[in-house]
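# Inside the fold
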Amino acid sequence: MDDERMVETPEKLHRMVMEVRRGALTLAVLLALAEPHYGYSLRKKLAAKGLEIDEGTLYPLLRRLEEHGLLSSYWQQEEGRKRRFYQIDQGGEVALAAMRDEWQSLDQVIGHLAEEH
């Protein structure tokens, strides 16, 4: 696809970028949940590392990961409010290891390809 056609369809470009981002967000969330966090504290932790994620993306992702058996959650009183904390569980650790291996492999290949570009 040439540059002109890509410019004519910025929504296609946006969808492609978001597709790459989705997988990266899953990996980042699993890594960040090595210690328990509630949604807002997780957003702050990711943002502090340079990864902004809005609530409309984060909370559905957390629910999906929990439904798939990768996270566990529990309610806890903190600062006068009940908050739902999430933490990676055994299934998540297995998935995380596989995802990290794949990420590192892809990163290496993409790095070599980028050097040629």
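These figures come from a predicted structure and were not determined experimentally.

## A short note on the packing of aromatic side chains
- Under the criterion given, the structure shown has two aromatic pairs.
- On the numbers, 5.7 Å between centres and 10° between planes, the contact of Tyr 74 with Phe 85 is stacked. Highlighted residues: Tyr 74 in strand β2 (residues 71-78) and Phe 85 in strand β3 (residues 81-88), separated in sequence by 11 residues.
- Grouped by ring-pair contacts, the aromatic residues Tyr 38, Tyr 74 and Phe 85 constitute a single cluster.
- The lysine or arginine in question, Arg 83, covers the ring of Tyr 38, its NZ or CZ lying 4.4 Å from the ring centre.

## A short note on the sheet that holds β2
- Read from one edge to the other, the open sheet built from three strands follows the order β1-β3-β2, with strand pairing classed as antiparallel. A strand with exactly one partner marks an edge of an open sheet, and here the two such strands are β1 (37-38) and β2.
- Examined bridge by bridge, β1 and β3 share two bridges and lie antiparallel to one another. In the strand pairing of β3, His 37 is matched with Tyr 86.
- Packed onto the sheet, helix α4 (residues 55-67) meets β2 and β3 and runs at close to 125° relative to β2.

## Here's the deal with the nonpolar core
- With 20 residues, the main nonpolar core has Val 29, Leu 33, Leu 42, Leu 62 and Leu 71 as its most contacted residues.
- Elements that contribute at least two residues to this core include exactly α2 (10-32), α3 (39-48), α4, β3 and α5 (90-116).
- Of all the elements, α2 adds the most residues to this core, at six residues.
- Setting aside its immediate chain neighbours within four residues, Leu 33 contacts Leu 42, Leu 62, Leu 71, Tyr 86, Gln 87 and Ile 88.

## Remarks on α2
- End to end, α2 covers 32 Å across 23 residues, agreeing with the expected 33 Å (1.5 Å per residue, within 8%).
- The complete set of buried residues in α2 reads Leu 25, Thr 26, Leu 27, Ala 28, Val 29, Leu 30 and Ala 32.

## Focus: the pattern of salt bridges
- Inspection of every chain in the model, using the stated rule, returns four salt bridges.
- In this structure, Arg 43 engages Glu 55 in a salt bridge whose closest nitrogen and oxygen atoms are separated by 3.2 Å. Here the residue Arg 43 occupies a position in helix α3, and Glu 55 occupies one in helix α4, the gap between them amounting to 12 residues.
- For Arg 43, a relative accessible area of 23% puts it in the partly exposed group.

Criteria and thresholds
- Residues numbered from 1 in each chain as written.
- Predicted model: local features only at pLDDT ≥ 70, side-chain atom pairs only at ≥ 80, totals over all residues.
- Heavy atoms only, no water.
- Phe/Tyr/Trp six-rings, centres within 6.5 Å; stacked < 30°, edge-to-face > 60°.
- Helix = DSSP H or I, 4+ residues; strand = E, 2+ residues; numbered from the N terminus.
- Lys NZ or Arg CZ within 6 Å of the ring centre and 35° of its normal.
- Pairing = 2+ DSSP bridges.
- Contact = heavy atoms within 4.5 Å.
- Axes fitted to C-alpha atoms, helices over the stretch in contact; angles between N-to-C directions.
- Core = buried A, V, L, I, M, F, W, Y, C linked by side-chain atoms within 4.5 Å.
- Buried < 20%, exposed > 50% of the residue type's maximum accessible area, 1.4 Å probe, protein only.
- Expected span 1.5 Å × (residues − 1).
- Salt bridge = Lys/Arg side-chain N within 4 Å of Asp/Glu carboxyl O.

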